[in-house]
Amino acid sequence: MKATYHKYMLDFKRPSGTSRGVMTEKETWFIILEENGKKGIGECGILRGLSADDREDYEEKIKWACQNITLGETALWESLLEFPSIQFGIEMAFLSLKSENPYVLFPSDFTNNSKSITINGLVWMGEASYMKQQIEEKLADGFNCIKLKIGAIDFEKELELLRFIRSHFSAKQIEIRVDANGAFALNEALDKLNQLDQFELHSIEQPIKKGNIDEMAELCQTTPFPIALDEELIGIFSFQEKEKLLQEIKPQYIILKPSFVGGFRGTKEWIDLAEKFKIGWWITSALESNIGLNAIAQWTFLQNSKMPQGLGTGALYNNNFDCPLEVLQGQLWYNKAKKWNSFF
């Protein structure tokens, strides 16, 4: 078996804002496996400044994995515990190599195009007018669950945007999730949650910065509406650490990005623990290309979650790869009539 790796820079169609800043491009890496005339591809979806494996030796570790590919998927996964995005890329590449079609890793009613995945519509941070425009577009596109990034512009303007949605659509018509990306100060978080509560929100992701375990636990206990942990899960590698975190914070939900939490195997560990402690969960992409998004969507379908998932990021880039994934009326479909176009 031969393994090679390639770096690829994804170019955002429009600068995309979060409370951590504005992104114009996104780095990703591909692992290509070749054996007996067959090929497999995996994506290592790192997000600089956020991923646990944003380290100087990142490329060196991908190179090591490729040089030691004969160790096999399980041994490599266990050796790459502190490099969750490479764990994901390795898992994906082996699944792709073994599959009849290198892009159909998990055949199902989803890949047959007979069933879809409900997803949320993502509204990026920006000027209030731009955010309002995005909201109107998502509602016109048939989404009944939208997710707003908040915490970067004036809080009063963000409240106005939520007021605008609720003046037109009730909580039964449109589910609203908000994502603060850790933007709220510890001493004002509960007050802001109380102000947000009037809009009957589904949940808020990561209201305060990760690592404030006691404060987050208290917030989860006193919050007027559900809190979902996102960044809090990054860098928690062992099963024991995962269990301890959930027992300490007791969140209402957790949000799982396979590139951040050790691929499908790492994600499944979180799901098993969440269900043990009666914590809700959903899966989102971490701005991967369509190659990684395709694998995540196929696996997510098999988890049988009834909640809207965060898998609507395929149209963000100028230089993404054409693929069968298609968003229609707030649903992600696998349209077999659409063909792949990638360097692979």
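Within any chain, residue numbers begin from 1 and follow the written order of that chain's sequence. Per-residue local features are limited, in this predicted model, to residues with pLDDT of at least 70; the limit for side-chain atom pairs, both in listing and counting, is 80 or more; totals at the level of whole chains, interfaces and linings are taken over all residues. Side-chain calculation: all heavy atoms of the structure are included, whereas hydrogens and water are not.

Peer 1: Mind showing me how you'd approach the packing of aromatic side chains here?
Peer 2: How two aromatic rings sit relative to each other is set out by the distance from centre to centre and by the angle between their planes. Think of it this way: a Phe, Tyr or Trp ring, Trp meaning its six-membered ring, pairs with another when their centres are within 6.5 Å, and the plane angle makes it stacked under 30 degrees, edge-to-face over 60, tilted otherwise. Counted by the stated rule, this structure contains 15 aromatic pairs. Grouping aromatic residues by their ring pairs yields a cluster made of Phe 88, Phe 106, Phe 264 and Trp 299. Here Arg 48 stacks its cationic end above the ring of Tyr 58, 5.4 Å away from the centre of that ring. As a reminder, the over-ring test applies to NZ of lysine and CZ of arginine, requiring each to be within 6 Å of the ring centre and within 35 degrees of the ring normal. Lys 61 extends its terminal NZ or CZ atom over the ring of Trp 64, reaching a point 5.4 Å from the ring centre.

Peer 1: Quick question: what am I supposed to make of the sheet that holds strand β9 (residues 227-229) here?
Peer 2: Picture the strands of a sheet paired through backbone hydrogen bonds; they go either parallel or antiparallel. Pairing is parallel across the open sheet formed by seven strands, whose spatial order is β5-β6-β7-β8-β9-β10-β11. Of all strands in the sheet, those with a lone pairing partner are β5 (121-123) and β11 (280-283), marking the two edges. Averaged over all adjacent pairs, the angle separating strand axes in this sheet is 25°, with direction ignored. For two strands to be treated as a pair, DSSP must find no fewer than two bridges joining them. A run of H or I in DSSP becomes a helix once it reaches four residues, and a run of E becomes a strand once it reaches two; helices and strands are each numbered from the N terminus. Relative to strand β10 (residues 253-256), β9 runs parallel, the two sharing two bridges. Across the sheet, the residue bridging to Ala 228 is Tyr 253, located in β10. Contacts are assigned to residue pairs with any non-hydrogen atoms lying within 4.5 Å of each other. The convention used is that axes are lines fitted to C-alpha atoms, helices contributing only their stretch in contact, and that angles between N-to-C directions extend from 0 to 180 degrees. The sheet contacts of helix α5 (residues 155-168) involve β6 (145-149) and β7 (175-179), and relative to β7 the element is tilted by about 170°.

Peer 1: Would you mind showing me how to read the domain arrangement of the chain here?
Peer 2: Frequently, the measure chosen for interface size is the accessible area that the parts lose on association. Domain start and stop positions are those given by an automatic or database domain assignment. Taken domain by domain, the chain consists of domain 1 (2-98) and domain 2 (110-334). Its C-alpha centre places domain 1 at a distance of 23 Å from the equivalent point of domain 2. Contacts between the two partners involve 34 residues from domain 1 and, on the opposite side, 39 residues from domain 2. Note on definitions: buried area is the accessible-area loss of two parts on being combined, 1.4 Å probe, summed for both. In total, domain 1 and domain 2 occlude about 3,100 Å² of area from one another, counting both sides; carbon and sulfur atoms represent 64% of this. Every case where a carboxyl oxygen of Asp or Glu lies within 4 Å of a side-chain nitrogen of Lys or Arg is listed as a salt bridge. Along the contact surface separating domain 1 from domain 2 lie one salt bridge.

Peer 1: Could you clarify how one ought to interpret the pairing of strand β13 (residues 331-334) in this entry?
Peer 2: Note on strand geometry: in a regular strand, side chains alternate between the two faces of the sheet. Burial along β13 is one-sided: Leu 332 and Tyr 334 are buried, while Gln 331 and Trp 333, pointing the other way, are not. Judged from the two bridges that link them, strand β4 (residues 117-118) and β13 form a sheet pairing that is antiparallel. Bridge pairing in β13 places Thr 118 opposite Gln 331. The pairing of strand β12 (residues 325-328) with β13 spans four bridges and is antiparallel. Counterpart to Glu 326 in the pairing with β13 is Trp 333. Connecting β12 to the antiparallel partner β13 that follows it, the hairpin turn spans two residues, and Gln 329 within it adopts a positive phi of roughly 50°. For every residue, the accessible area (1.4 Å probe, protein chains only) is compared with the maximum for its type, and the residue is labelled buried under 20%, exposed over 50%, or partly exposed between those bounds.

Peer 1: Honestly, the packing of helix α1 (residues 58-67) against helix α3 (residues 84-98) in this entry has me stumped. Any pointers?
Peer 2: The relative placement of two packed helices is expressed as an angle between their axes plus a distance between the axes. Across the interface, α1 lies against α3 with an axial gap of 11 Å and an inter-helix angle of 30°. Looking at the two axes, α1 sits roughly parallel to α3. Every pair of crossing elements has a handedness; the one defined by α1 and α3 is right-handed. Contacts between α1 and α3 involve Tyr 58, Lys 61, Ile 62 and Ala 65 from the first element and Ser 85, Ile 86 and Ile 90 from the second. Lys, Arg, Asp and Glu make up the charged group, whereas Ala, Val, Leu, Ile, Met, Phe, Trp, Tyr, Cys and Pro make up the nonpolar group; the residues left over, Gly among them, are polar. Looking at the contact of α1 with α3 residue by residue, the class counts come to five nonpolar, one polar and one charged. Should an angle fall under 35 degrees it is called roughly parallel, over 145 degrees roughly antiparallel, and 65 to 115 degrees roughly perpendicular, with every other angle called oblique. Left-handed describes a crossing in which the near helix is turned anticlockwise from the far one by less than a right angle; the clockwise case is right-handed.

Peer 1: Would you explain empty space enclosed by the protein in this entry?
Peer 2: Gaps left between atoms are located by rolling a probe of water-molecule size over the structure's atoms. Grid points spaced at 1 Å and placed over the protein atoms alone form the basis of the search, with a cavity being a set where a 1.4 Å probe fits but cannot get out and a pocket an open set showing protein on both sides within 12 Å along at least five of seven lines. Lining residues have an atom within 4 Å of a point. Grid points are joined across faces, edges and corners, and a volume is the space filled by probe spheres set on the points. Across all of its chains, the model carries three cavities of 30 Å³ or more by this definition. Estimated volume of the largest cavity: approximately 260 Å³. In terms of lining, the largest cavity is formed by 24 residues, of which the most central are Lys 147, Lys 149, Lys 257, Ser 285 and Leu 287. Counted by class, the lining of the largest cavity contains nine nonpolar, eight polar and seven charged residues. Domain assignment of the residues forming the lining of the largest cavity places at least three in each of domain 1 (2-98) and domain 2 (110-334).

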